[in-house]
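A closer look at the structure
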Amino acid sequence: MNKKALLNRVLVGIAIFVVIIGMILLNIYFPNYINDEPIIFISGRAITSVIFYALILLSVIEMRRALGKDKIPDSFSWLLWMYGIGAGPAYSLFGYTGIIFFSLIVFICAVVTALFINRADSLMYIGFMLIYPGLLMASLLFLNRAAATNIDVNNVELRKFLESDIWIFLSKSRQSYLLPLNAIALAFVFAVSTFTDMFAYFVGSKFGKHKLSPEISPNKSVEGAIGGIIGGVLGSLVVYFFFDFPYFLPFGEQFGLTFSGLGLPSWQIVFTYVLIGVLGSIATQIGDLLASLVKRYCGIKDYSRVLGEHGGIMDRFDGIMLNSVLVSFIFMFIF
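Every value quoted in this text rests on a predicted model; they were computed, and no experiment measured them. (Residues numbered from 1 in each chain as written. Predicted model: local features only at pLDDT ≥ 70, side-chain atom pairs only at ≥ 80, totals over all residues. Heavy atoms only, no water.)

1. Details of the nonpolar core
Among the nonpolar cores identified, the biggest contains 90 residues, and Leu257 and Phe331 are the most heavily contacted of them. Looking at this core, the elements with two or more residues in it are helix H1 (3–29), helix H2 (44–67), helix H3 (77–117), helix H4 (120–144), helix H6 (182–207), helix H7 (222–243), helix H8 (266–298) and helix H9 (313–332). The biggest single contributor to this core is H4, with 14 residues. (Core = buried A, V, L, I, M, F, W, Y, C linked by side-chain atoms within 4.5 Å. Buried < 20%, exposed > 50% of the residue type's maximum accessible area, 1.4 Å probe, protein only. Helix = DSSP H or I, 4+ residues; strand = E, 2+ residues; numbered from the N terminus.)

2. Quick word on the packing of H2 against H9
Close contact between H2 and H9 brings their axes to 10 Å; oriented N to C, the two are set at 110 degrees. The orientation of H2 with respect to H9, classified from their angle, is roughly perpendicular. Once H2 is placed against H9, the crossing between them reads as left-handed. Residue-level inspection shows Leu55, Leu58, Ser59, Glu62 and Met63 of H2 in contact with H9, the latter providing Ile313, Met314 and Phe317. Across the contact of H2 with H9, the residue classes break down as six nonpolar, one polar and one charged. (Axes fitted to C-alpha atoms, helices over the stretch in contact; angles between N-to-C directions. Parallel < 35°, antiparallel > 145°, perpendicular 65-115°, else oblique. Left-handed = near helix turned anticlockwise from the far one by under 90°. Contact = heavy atoms within 4.5 Å. Nonpolar A, V, L, I, M, F, W, Y, C, P; charged D, E, K, R; others polar.)

3. What to know about the packing of aromatic side chains
Counted according to the given criterion, the structure contains 15 aromatic pairs. Here tyrosine 96 and phenylalanine 142 contribute two aromatic rings whose centre-to-centre distance is 6.0 Å and whose plane-to-plane angle is 70 degrees, an arrangement assigned as edge-to-face. Here the residue tyrosine 96 occupies a position in helix H3, and phenylalanine 142 occupies one in helix H4, the gap between them amounting to 46 residues. Using a relative accessible area of 23% as the deciding quantity, one classes tyrosine 96 as partly exposed. Arranged with centres 5.6 Å apart and planes meeting at 85 degrees, the rings of tyrosine 240 and tyrosine 273 form a pair that is edge-to-face. A residue pair is termed long-range when its members are at least 10 positions apart, and tyrosine 240 in helix H7 and tyrosine 273 in helix H8 qualify at 33 residues. For tyrosine 273, a relative accessible area of 9% corresponds to the buried category. We note arginine 145 situated over the ring of tyrosine 91; from NZ or CZ to the ring centre the distance is 5.9 Å. (Phe/Tyr/Trp six-rings, centres within 6.5 Å; stacked < 30°, edge-to-face > 60°. Lys NZ or Arg CZ within 6 Å of the ring centre and 35° of its normal.)

4. Some details on the packing of H7 against H8
The packing of two helices is summarised by the inter-axis angle and the distance between the axes. H8 packs onto H7 with a crossing angle of 135 degrees between their chain directions and a minimal axis gap of 8 Å. On the basis of the axis angle, H7 is oblique to H8. Crossing geometry of H7 relative to H8 is assigned as right-handed. Counted together, Gly224, Ala225, Gly228, Ile229, Gly232, Val233, Ser236, Val239 and Tyr240 of H7 and Tyr273, Gly277, Val278, Ser281, Ile282 and Gln285 of H8 form the full contact between these two elements. Here the residues of the contact of H7 with H8 sort into eight nonpolar, seven polar and no charged.

5. Regarding the side chain of serine 103
On the secondary structure map, serine 103 appears in helix H3. Sequence-distant contacts of serine 103, that is, excluding residues within four places in its chain, are made with Tyr83, Leu130 and Leu135.

6. Quick word on a nonpolar patch on the surface
Taken together, the side chains of Leu11, Ile14, Phe17, Val18, Ile21, Leu25 and Tyr29 present a nonpolar region at the surface, about 680 Å² in accessible area. Relative to the elements of secondary structure, isoleucine 14 occurs in helix H1. The partly exposed category is assigned to isoleucine 14, whose relative accessible area is 47%. (Patch = residues over 30% accessible without salt bridge, like charges linked within 9 Å, V, L, I, M, F, W, Y side chains within 5 Å. Areas by Shrake-Rupley, 256 points an atom, 1.4 Å probe, with all protein chains shown as cover. Salt bridge = Lys/Arg side-chain N within 4 Å of Asp/Glu carboxyl O.)

7. A closer look at the side chain of threonine 196
The residue threonine 196 is located in helix H6 in this model. Non-local contacts of threonine 196, meaning those with residues more than four positions away in its chain, are made with Gly228, Gly231, Gly232, Ser281, Thr284 and Gln285.

8. Comments concerning unusual backbone geometry
Trans is the common state for peptide bonds, and a negative phi is the common state for residues other than glycine. Residue proline 133 is reached from tyrosine 132 by a cis peptide bond, and omega for that bond is 20 degrees. As for its position among the elements, proline 133 is in helix H4. Unusually for a residue other than glycine, asparagine 118 sits at a positive phi of about 60 degrees. Among the structural elements, asparagine 118 can be located in the loop between H3 and H4.

9. A few points about the environment of alanine 54
Within the element layout of this structure, alanine 54 appears in helix H2. It is 8.9 Å that separates the C-alpha atoms of alanine 54 and glycine 84, two residues lying 30 residues apart in sequence.

10. As for the pattern of salt bridges
Taken as a whole, this structure holds nine salt bridges when the rule is applied. Lysine 71 serves as the salt-bridge partner of aspartate 70, at 3.7 Å between the closest nitrogen and oxygen. When its relative accessible area of 52% is taken as the criterion, aspartate 70 is described as exposed. Given the relative accessible area of 16%, lysine 71 is considered buried. With a shortest N-O distance of 3.7 Å, lysine 301 and aspartate 302 are connected by a salt bridge. Taking the relative accessible area as the measure of exposure, aspartate 302 reaches 18% and is therefore buried. What you see here is one network of salt bridges that share partners, running through Arg64, Lys69 and Asp74.

Okay, structure coming up:
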(Lines give C-alpha, C1' and ligand atoms only; values in the text may rest on other atoms or scores of the structure.)
Protein backbone atom coordinates (compact mmCIF):
# COMPACT_ATOMS: atom_id res chain seq x y z
CA MET A 1 0.00 0.00 0.00
CA ASN A 2 1.51 3.34 -1.05
CA LYS A 3 1.73 6.35 1.26
CA LYS A 4 -1.23 8.15 -0.30
CA ALA A 5 -3.47 5.10 0.04
CA LEU A 6 -2.26 4.53 3.60
CA LEU A 7 -2.96 8.17 4.52
CA ASN A 8 -6.44 7.92 3.01
CA ARG A 9 -7.13 4.75 4.98
CA VAL A 10 -5.99 6.34 8.24
CA LEU A 11 -8.00 9.53 7.71
CA VAL A 12 -11.16 7.67 6.77
CA GLY A 13 -10.67 5.36 9.74
CA ILE A 14 -10.41 8.36 12.07
CA ALA A 15 -13.52 9.91 10.51
CA ILE A 16 -15.50 6.69 11.02
CA PHE A 17 -14.33 6.51 14.64
CA VAL A 18 -15.35 10.14 15.26
CA VAL A 19 -18.82 9.53 13.79
CA ILE A 20 -19.31 6.43 15.95
CA ILE A 21 -18.22 8.24 19.13
CA GLY A 22 -20.37 11.20 18.09
CA MET A 23 -23.48 9.02 17.81
CA ILE A 24 -22.94 7.59 21.29
CA LEU A 25 -22.34 11.04 22.79
CA LEU A 26 -25.42 12.43 21.03
CA ASN A 27 -27.56 9.77 22.66
CA ILE A 28 -26.10 10.62 26.07
CA TYR A 29 -26.02 14.41 25.96
CA PHE A 30 -28.99 15.17 23.68
CA PRO A 31 -31.86 13.16 25.22
CA ASN A 32 -35.60 13.49 24.93
CA TYR A 33 -36.64 12.87 28.55
CA ILE A 34 -40.37 12.36 29.07
CA ASN A 35 -40.28 14.65 32.11
CA ASP A 36 -38.97 17.59 30.08
CA GLU A 37 -41.29 20.29 28.80
CA PRO A 38 -41.66 20.74 25.96
CA ILE A 39 -40.63 17.37 24.51
CA ILE A 40 -38.31 17.89 21.57
CA PHE A 41 -38.73 16.16 18.23
CA ILE A 42 -35.05 16.08 17.27
CA SER A 43 -32.94 14.22 19.82
CA GLY A 44 -29.71 12.23 19.89
CA ARG A 45 -31.58 9.02 19.19
CA ALA A 46 -33.38 10.60 16.23
CA ILE A 47 -30.12 11.81 14.66
CA THR A 48 -28.46 8.44 15.25
CA SER A 49 -31.45 6.69 13.71
CA VAL A 50 -31.15 8.78 10.54
CA ILE A 51 -27.45 7.90 10.28
CA PHE A 52 -28.16 4.18 10.72
CA TYR A 53 -31.00 4.33 8.22
CA ALA A 54 -28.70 5.93 5.64
CA LEU A 55 -26.12 3.19 6.27
CA ILE A 56 -28.75 0.48 5.81
CA LEU A 57 -29.92 1.99 2.52
CA LEU A 58 -26.35 2.33 1.22
CA SER A 59 -25.58 -1.25 2.27
CA VAL A 60 -28.60 -2.62 0.39
CA ILE A 61 -27.56 -0.65 -2.71
CA GLU A 62 -24.01 -2.02 -2.42
CA MET A 63 -25.31 -5.58 -2.14
CA ARG A 64 -27.53 -5.16 -5.20
CA ARG A 65 -24.57 -3.85 -7.20
CA ALA A 66 -22.40 -6.70 -5.97
CA LEU A 67 -24.95 -9.31 -7.04
CA GLY A 68 -25.29 -7.64 -10.44
CA LYS A 69 -28.15 -7.01 -12.85
CA ASP A 70 -27.93 -10.53 -14.21
CA LYS A 71 -29.19 -11.81 -10.85
CA ILE A 72 -31.45 -8.85 -10.00
CA PRO A 73 -32.63 -7.24 -13.28
CA ASP A 74 -33.66 -3.60 -13.64
CA SER A 75 -37.30 -4.68 -13.40
CA PHE A 76 -36.75 -4.99 -9.65
CA SER A 77 -35.06 -1.59 -9.25
CA TRP A 78 -38.28 0.08 -8.13
CA LEU A 79 -38.17 -2.10 -5.02
CA LEU A 80 -35.01 -0.31 -3.91
CA TRP A 81 -36.83 3.02 -4.18
CA MET A 82 -39.74 1.55 -2.25
CA TYR A 83 -37.41 0.25 0.43
CA GLY A 84 -35.53 3.55 0.54
CA ILE A 85 -38.67 5.65 0.94
CA GLY A 86 -40.60 3.40 3.31
CA ALA A 87 -38.11 1.73 5.64
CA GLY A 88 -37.38 4.91 7.60
CA PRO A 89 -41.02 5.78 8.40
CA ALA A 90 -41.77 2.11 9.15
CA TYR A 91 -38.97 2.05 11.71
CA SER A 92 -39.84 5.45 13.17
CA LEU A 93 -43.47 4.48 13.76
CA PHE A 94 -43.26 0.81 14.66
CA GLY A 95 -39.65 0.14 15.63
CA TYR A 96 -37.88 -3.04 14.57
CA THR A 97 -41.23 -4.78 14.03
CA GLY A 98 -42.02 -2.16 11.39
CA ILE A 99 -38.76 -2.92 9.57
CA ILE A 100 -39.53 -6.65 9.56
CA PHE A 101 -43.05 -6.35 8.16
CA PHE A 102 -42.09 -3.65 5.67
CA SER A 103 -39.29 -5.92 4.37
CA LEU A 104 -41.87 -8.69 3.96
CA ILE A 105 -44.11 -6.32 1.99
CA VAL A 106 -41.18 -5.43 -0.27
CA PHE A 107 -40.55 -9.15 -0.80
CA ILE A 108 -44.22 -9.70 -1.70
CA CYS A 109 -43.90 -6.93 -4.29
CA ALA A 110 -40.80 -8.70 -5.59
CA VAL A 111 -42.84 -11.89 -5.94
CA VAL A 112 -45.43 -10.04 -8.04
CA THR A 113 -42.67 -8.59 -10.23
CA ALA A 114 -41.05 -12.01 -10.63
CA LEU A 115 -44.36 -13.47 -11.79
CA PHE A 116 -44.63 -10.86 -14.54
CA ILE A 117 -41.08 -11.33 -15.86
CA ASN A 118 -40.70 -15.04 -14.98
CA ARG A 119 -37.59 -14.63 -12.80
CA ALA A 120 -38.09 -16.85 -9.77
CA ASP A 121 -34.31 -17.08 -9.31
CA SER A 122 -34.13 -13.35 -8.54
CA LEU A 123 -36.38 -13.82 -5.51
CA MET A 124 -33.63 -15.75 -3.73
CA TYR A 125 -31.20 -12.88 -4.18
CA ILE A 126 -33.73 -10.22 -3.16
CA GLY A 127 -34.71 -12.21 -0.08
CA PHE A 128 -31.03 -12.57 0.81
CA MET A 129 -30.46 -8.85 0.27
CA LEU A 130 -33.36 -7.86 2.53
CA ILE A 131 -31.93 -10.03 5.32
CA TYR A 132 -28.24 -9.43 4.61
CA PRO A 133 -27.62 -6.55 5.06
CA GLY A 134 -31.17 -5.19 5.54
CA LEU A 135 -32.53 -6.79 8.71
CA LEU A 136 -29.08 -7.45 10.19
CA MET A 137 -28.08 -3.80 9.93
CA ALA A 138 -31.49 -2.82 11.30
CA SER A 139 -30.47 -4.43 14.59
CA LEU A 140 -28.52 -1.23 15.21
CA LEU A 141 -31.81 0.64 14.97
CA PHE A 142 -33.31 -1.74 17.50
CA LEU A 143 -30.50 -1.09 19.96
CA ASN A 144 -30.85 2.64 19.42
CA ARG A 145 -34.58 2.51 20.13
CA ALA A 146 -34.74 0.14 23.08
CA ALA A 147 -38.29 0.22 24.39
CA ALA A 148 -39.11 -0.68 27.98
CA THR A 149 -40.94 -4.03 28.12
CA ASN A 150 -39.50 -5.96 31.06
CA ILE A 151 -38.81 -2.90 33.22
CA ASP A 152 -41.13 -1.14 35.66
CA VAL A 153 -41.53 2.24 33.97
CA ASN A 154 -43.14 3.62 37.14
CA ASN A 155 -39.89 3.16 39.05
CA VAL A 156 -39.13 6.69 40.26
CA GLU A 157 -35.37 6.26 39.98
CA LEU A 158 -35.61 4.89 36.44
CA ARG A 159 -38.42 7.06 35.16
CA LYS A 160 -36.43 10.30 35.27
CA PHE A 161 -34.08 8.86 32.63
CA LEU A 162 -36.77 7.45 30.31
CA GLU A 163 -37.19 9.01 26.89
CA SER A 164 -40.17 9.15 24.58
CA ASP A 165 -40.48 8.42 20.87
CA ILE A 166 -42.41 9.65 17.85
CA TRP A 167 -45.70 8.14 19.05
CA ILE A 168 -46.13 10.91 21.62
CA PHE A 169 -46.81 13.26 18.69
CA LEU A 170 -49.39 10.90 17.20
CA SER A 171 -51.06 8.91 19.93
CA LYS A 172 -50.62 8.94 23.69
CA SER A 173 -51.95 5.40 23.89
CA ARG A 174 -49.33 4.04 21.48
CA GLN A 175 -46.18 5.77 22.69
CA SER A 176 -43.25 3.76 24.00
CA TYR A 177 -40.91 4.58 26.85
CA LEU A 178 -37.32 4.27 25.69
CA LEU A 179 -34.75 2.99 28.15
CA PRO A 180 -31.45 4.78 28.87
CA LEU A 181 -29.52 1.74 27.63
CA ASN A 182 -29.07 2.59 23.98
CA ALA A 183 -25.70 4.31 24.48
CA ILE A 184 -24.05 1.35 26.22
CA ALA A 185 -25.67 -1.11 23.80
CA LEU A 186 -24.17 0.70 20.81
CA ALA A 187 -20.85 1.05 22.64
CA PHE A 188 -20.78 -2.73 23.13
CA VAL A 189 -21.27 -3.36 19.42
CA PHE A 190 -18.66 -0.91 18.17
CA ALA A 191 -16.04 -1.46 20.89
CA VAL A 192 -16.11 -5.27 20.78
CA SER A 193 -16.08 -5.37 16.97
CA THR A 194 -13.33 -2.75 16.67
CA PHE A 195 -11.04 -4.40 19.23
CA THR A 196 -11.73 -7.80 17.66
CA ASP A 197 -10.62 -6.58 14.24
CA MET A 198 -7.51 -4.87 15.60
CA PHE A 199 -6.30 -7.78 17.71
CA ALA A 200 -7.14 -10.38 15.07
CA TYR A 201 -5.10 -8.43 12.52
CA PHE A 202 -2.02 -7.79 14.69
CA VAL A 203 -1.93 -11.22 16.36
CA GLY A 204 -2.56 -12.94 13.05
CA SER A 205 0.14 -10.91 11.30
CA LYS A 206 2.75 -11.71 13.95
CA PHE A 207 1.87 -15.21 15.12
CA GLY A 208 -0.50 -16.60 12.50
CA LYS A 209 0.58 -20.05 11.27
CA HIS A 210 -2.58 -22.12 11.00
CA LYS A 211 -5.08 -21.03 8.37
CA LEU A 212 -8.62 -20.46 9.64
CA SER A 213 -10.50 -20.68 6.35
CA PRO A 214 -8.03 -20.58 3.44
CA GLU A 215 -10.65 -21.00 0.70
CA ILE A 216 -12.67 -18.00 1.91
CA SER A 217 -10.05 -15.68 3.44
CA PRO A 218 -6.45 -16.91 3.02
CA ASN A 219 -4.98 -14.24 5.32
CA LYS A 220 -6.99 -15.22 8.40
CA SER A 221 -5.46 -17.59 10.93
CA VAL A 222 -6.55 -19.55 13.98
CA GLU A 223 -4.09 -17.54 16.07
CA GLY A 224 -5.60 -14.33 14.76
CA ALA A 225 -9.10 -15.55 15.63
CA ILE A 226 -7.99 -16.29 19.20
CA GLY A 227 -6.39 -12.86 19.37
CA GLY A 228 -9.67 -11.40 18.14
CA ILE A 229 -11.56 -13.04 21.02
CA ILE A 230 -9.06 -11.57 23.49
CA GLY A 231 -9.57 -8.21 21.82
CA GLY A 232 -13.34 -8.58 22.10
CA VAL A 233 -13.08 -9.16 25.84
CA LEU A 234 -10.83 -6.10 26.17
CA GLY A 235 -13.35 -4.08 24.16
CA SER A 236 -16.03 -5.15 26.61
CA LEU A 237 -13.79 -4.04 29.49
CA VAL A 238 -13.35 -0.64 27.83
CA VAL A 239 -17.14 -0.27 27.80
CA TYR A 240 -17.22 -1.19 31.49
CA PHE A 241 -14.58 1.43 32.26
CA PHE A 242 -16.55 4.22 30.59
CA PHE A 243 -20.06 3.21 31.65
CA ASP A 244 -19.84 1.27 34.91
CA PHE A 245 -16.45 1.75 36.55
CA PRO A 246 -17.33 3.43 39.89
CA TYR A 247 -14.25 5.66 39.99
CA PHE A 248 -14.66 7.04 36.48
CA LEU A 249 -18.22 7.21 35.10
CA PRO A 250 -17.89 10.32 32.89
CA PHE A 251 -21.43 9.78 31.63
CA GLY A 252 -23.16 9.16 34.95
CA GLU A 253 -24.23 5.79 36.30
CA GLN A 254 -27.62 5.84 34.59
CA PHE A 255 -25.99 4.84 31.30
CA GLY A 256 -24.43 1.60 32.60
CA LEU A 257 -25.81 -1.81 33.49
CA THR A 258 -25.04 -1.15 37.16
CA PHE A 259 -27.65 1.61 37.29
CA SER A 260 -29.79 0.67 40.28
CA GLY A 261 -33.01 1.61 38.49
CA LEU A 262 -32.58 -1.40 36.19
CA GLY A 263 -32.43 -3.76 39.15
CA LEU A 264 -29.94 -6.15 37.53
CA PRO A 265 -28.13 -8.54 39.91
CA SER A 266 -24.32 -8.48 39.91
CA TRP A 267 -24.00 -11.92 38.34
CA GLN A 268 -26.15 -10.85 35.37
CA ILE A 269 -24.07 -7.73 34.80
CA VAL A 270 -20.80 -9.70 34.85
CA PHE A 271 -22.31 -12.43 32.69
CA THR A 272 -23.49 -9.85 30.14
CA TYR A 273 -20.06 -8.27 29.83
CA VAL A 274 -18.27 -11.61 29.43
CA LEU A 275 -20.88 -13.01 27.05
CA ILE A 276 -20.80 -10.00 24.74
CA GLY A 277 -17.00 -9.85 24.86
CA VAL A 278 -16.55 -13.50 23.83
CA LEU A 279 -19.58 -14.23 21.65
CA GLY A 280 -19.58 -10.72 20.20
CA SER A 281 -16.03 -11.26 18.99
CA ILE A 282 -16.95 -14.62 17.46
CA ALA A 283 -19.98 -13.07 15.75
CA THR A 284 -17.79 -10.26 14.40
CA GLN A 285 -15.32 -12.72 12.89
CA ILE A 286 -18.10 -14.85 11.40
CA GLY A 287 -19.54 -11.70 9.85
CA ASP A 288 -16.16 -10.87 8.35
CA LEU A 289 -15.88 -14.35 6.85
CA LEU A 290 -19.43 -14.15 5.51
CA ALA A 291 -18.63 -10.87 3.75
CA SER A 292 -15.55 -12.45 2.19
CA LEU A 293 -17.60 -15.46 1.08
CA VAL A 294 -20.20 -13.24 -0.60
CA LYS A 295 -17.53 -11.11 -2.29
CA ARG A 296 -15.83 -14.22 -3.65
CA TYR A 297 -19.16 -15.45 -4.99
CA CYS A 298 -19.80 -12.08 -6.64
CA GLY A 299 -16.21 -11.83 -7.94
CA ILE A 300 -15.42 -8.47 -6.32
CA LYS A 301 -12.70 -7.15 -4.01
CA ASP A 302 -14.77 -4.48 -2.24
CA TYR A 303 -18.49 -3.76 -2.15
CA SER A 304 -17.78 -0.19 -3.26
CA ARG A 305 -15.19 2.59 -2.94
CA VAL A 306 -17.37 5.03 -1.05
CA LEU A 307 -14.88 4.93 1.87
CA GLY A 308 -11.76 4.90 -0.30
CA GLU A 309 -9.20 2.34 0.85
CA HIS A 310 -11.70 1.05 3.42
CA GLY A 311 -14.00 -0.10 0.62
CA GLY A 312 -17.75 0.26 1.07
CA ILE A 313 -20.18 0.45 3.97
CA MET A 314 -20.55 -3.33 3.87
CA ASP A 315 -16.78 -3.74 4.10
CA ARG A 316 -16.67 -1.76 7.36
CA PHE A 317 -19.87 -3.10 8.92
CA ASP A 318 -19.58 -6.77 7.94
CA GLY A 319 -18.69 -7.92 11.46
CA ILE A 320 -20.65 -5.19 13.23
CA MET A 321 -23.87 -6.42 11.60
CA LEU A 322 -23.75 -9.89 13.12
CA ASN A 323 -22.47 -8.56 16.44
CA SER A 324 -25.39 -6.12 16.62
CA VAL A 325 -27.82 -9.03 16.21
CA LEU A 326 -26.13 -10.88 19.08
CA VAL A 327 -26.11 -7.83 21.36
CA SER A 328 -29.75 -7.14 20.46
CA PHE A 329 -30.72 -10.67 21.47
CA ILE A 330 -28.85 -10.41 24.78
CA PHE A 331 -30.33 -7.00 25.55
CA MET A 332 -33.83 -8.31 24.87
CA PHE A 333 -33.57 -10.10 28.21
CA ILE A 334 -32.76 -6.74 29.85
CA PHE A 335 -35.27 -4.56 28.01
